[in-house]
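Residue-level structural notes
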Amino acid sequence: MFDLVIRGATVVDGQGAEPVRTDVGVKDGRIAALGAPGREAAEVVDADGLCLSPGFVDVHTHYDAQVTWDPTLSPSSSLGVTTVVMGNCGFGIVPCPPPANETLMRNLSVVEGMDLDALRAGIRWEFTTFPEYMDFLRRQSPYLNTAVLIGHSTVRTTVMGDAASVREQPTADELHAMRETVREALRAGAMGFASSFSPNHSGYGGVPMPSTLSTEEELRAIVGVLGEEGRGVFQMATGARATVDLLESLSADTSRPVIMSAALTMFNEAEPQTALTILDRIAGARNRGRSVHAQVTCQPLSLDFTADNAYPFFSHAAFDRVRQVDGAEKRRIFADPAFREAFRQNLRAPQPGVLFHGNWERVSVAVAATPALAEFENLSVAEVARRRGGDPVDAFFDLSLEEDLRTVFVGKLLNADDEGVAPILRHQSGVIALSDAGAHLSFMCDAGYGLHFLAHWVRERGDFDLAEGIRRLTSHPADLYGIPDRGRIAPGAWADLLLFDPQTVGISKPLRVSDLPAGATRTIREPKGLHGQWVNGVRVYGDGRCLELPKGPGHVLDRFH
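Owing to the predicted nature of the structure, the values given are computational and were not obtained by experimental measurement.

Let us look at the packing of aromatic side chains. If you walk through the whole model with that rule in mind, you get 28 aromatic pairs. Where F127 meets Y133, the ring centres are 4.9 Å apart and the plane angle is 70 degrees; that geometry is what we call edge-to-face. What makes F127 buried here is its relative accessible area of 3%. A centroid spacing of 5.2 Å and a plane angle of 40 degrees characterise the contact between F313 and F356, whose relative ring orientation is tilted. With a gap of 43 residues between them, F313 in the loop between β13 (301–305) and α10 (327–335) and F356 in the loop between α11 (337–348) and β14 (363–367) connect regions that are remote in the sequence. Of the residues examined, F356 reaches a relative accessible area of 2% and is grouped as buried. Following the ring pairs from residue to residue traces out a cluster consisting of F305, F313, F314, F319, F334, F339, F343, F356, W360, F396, F397 and F409. If you follow R30 out to its NZ or CZ, it ends over the ring of W494, 3.8 Å from the centre.

Below, the structure written as structure tokens:
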């Protein structure tokens, strides 16, 4: 007798095969039979021709903190995702000796756009070491399968304290301690190691995130632990220093997979060939036998920010001094014509890897802080400038100063042109990712990337057929990250499943809800055309809602190919 039988489904197996109408039987959390498994089952679902696919494998999330208070991992558990990878870019909450907790939370509040009050009220600090965190996750019983990367910035903070964001060179003892912390994590089941050299990653008060200060020698020494242990992937948010050549050499030295995340692999109207050039160079590395890939996103890069924390601009030299001050001094700088002209000069000649290249049509007023300026909501800064009779730089800073730097802006900074994005998504060097689920919650939510991909890039535009589109969201990332028996519908594979209508699948507009700890507000999406979602054979979504379960069915993943 089966635990679950789904009858009459159009099965899209996640491995690129043509869809076929058949029945699927599930027993003990795994696919037990395809074809005609019979009618005896504890639960029978009549699919009536709806598509049944593997669940999405989201390899770029930041649920490290949220999972401690929310085992459902909302909203991913209602958006088609059945497996998540946390700890990306090297930003997490473990290891965490108590003196470091406040620093870790403050930095996360800025670099990943998390509400600081929610973090302070919500995180359950029932662990200090990585092995203890993994044990905590098992007790927490998440709804989704969960894998964790140990993070460079977190490890550096733990070992070096406040000096982690100030001092480039660790002592020999500090470097040894970082290496051994990563080794301990790998042996406890970490998926791998993550770091960042990105100039766009700043922490609380504008200080650099610790890993962005580290030298190449430090990075090589720590990544080398993966090679010594013969396990783990290396994920890195890159900047000008982290070239494809560097990443290829790390893969060559360690014989481990290397995955890059970079603004440079998103379509940029100012440099339209840059992303494809980088992806082609990565293809060259793979042709030389190196396992190197780049995460690419199927959605526009949208970031919410205020002038008080204008992190999309921090990689411009004019903002170097802004990052070190706050309050009255920051307002004085923003009012200074010399500062504004320096920023204009930066925008005329942007450096590689910066997020914003000066297209103010892509930056809009999301929420005015005062009723007097509410008329500008949903208008671009360029349009505000036209209405006010000035240039966009002046319009941005004048508007912000009038509202004490509390005006919220949203920038669609990259990936905003479908014709430019399509060849990036089709490139075989890319793995579809970068949902950032669990982060940047104030005014954006990209956790529904998979449903959006099926709606926009498969159904509406036809850049992918359904079989290939599902493969790119399921078995492709699972295999690159060494996750066994996931991302496919095949006998013996884990029963992580989605039942959906391909004619209506998609996501809602952003919705604001106040359900975080301390009453904080976040942005979510709701699914369209999703009829069911199962993790290890247990239904987590149905009847239009995430189901309340006595215990989450997700596995804490700790064994990888």
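Don't stop here, the text continues.
What follows concerns the packing of helix α5 (residues 172–187) against helix α7 (residues 216–229). Viewed as axis vectors pointing N to C, α5 and α7 meet at an angle of 35 degrees, and their least axial separation amounts to 9 Å. Seen along the crossing, α5 lies across α7 with a hand that is right-handed. Where α5 approaches α7, its residues L175, M178, R179, V182, R183, L186 and R187 are matched on the opposing element by E218, A221, I222, V225, L226, E228 and E229. In the contact of α5 with α7, the residues fall into 8 nonpolar, no polar and 6 charged.

With that settled, the discussion passes to the pairing of strand β2 (residues 20–27). Two faces make up the sheet, and in a regular strand the side chains alternate between them. Examined bridge by bridge, strand β1 (residues 2–11) and β2 share 6 bridges and lie antiparallel to one another. Residue pairing across strands places T10 opposite R21, the latter belonging to β2. Bridge analysis of β2 against strand β3 (residues 30–35) gives 5 bridges, and the strand direction is antiparallel. Pairing of V24 across the sheet is with L34, part of β3.

This part is about helix α14 (residues 418–426). For α14, the complete set of buried residues consists of G420, V421, A422, I424 and L425. Buried residues belonging to α14 abut α9 (274–287), β12 (292–296), β16 (430–432), α15 (449–460) and α16 (466–473). Two to three positions downstream of the cap, the backbone nitrogen of E419 sits 3.1 Å from a side-chain oxygen, assigning the N-cap of α14 to D417.

Relative to the helices and strands, T181 resides in helix α5. Once you skip the residues sitting within four places of it in the chain, T181 turns out to touch P95 and V155.

Read across the open sheet, the 3 strands follow the order β13-β15-β14; overall the sheet is antiparallel. Two strands close off the open sheet at either side, each with one partner strand: β13 and β14. Taking each pair of neighbouring strands and ignoring which way they run, the sheet shows an average axis angle of 30 degrees. Judged from the 5 bridges that link them, β13 and strand β15 (residues 408–414) form a sheet pairing that is antiparallel.

Basis of the calculations
- Residues numbered from 1 in each chain as written.
- Predicted model: local features only at pLDDT ≥ 70, side-chain atom pairs only at ≥ 80, totals over all residues.
- Heavy atoms only, no water.
- Phe/Tyr/Trp six-rings, centres within 6.5 Å; stacked < 30°, edge-to-face > 60°.
- Buried < 20%, exposed > 50% of the residue type's maximum accessible area, 1.4 Å probe, protein only.
- Helix = DSSP H or I, 4+ residues; strand = E, 2+ residues; numbered from the N terminus.
- Lys NZ or Arg CZ within 6 Å of the ring centre and 35° of its normal.
- Axes fitted to C-alpha atoms, helices over the stretch in contact; angles between N-to-C directions.
- Left-handed = near helix turned anticlockwise from the far one by under 90°.
- Contact = heavy atoms within 4.5 Å.
- Nonpolar A, V, L, I, M, F, W, Y, C, P; charged D, E, K, R; others polar.
- Pairing = 2+ DSSP bridges.
- Polar contact = N/O pair within 3.5 Å; in protein donor to acceptor, adjacent residues only side chain to side chain.

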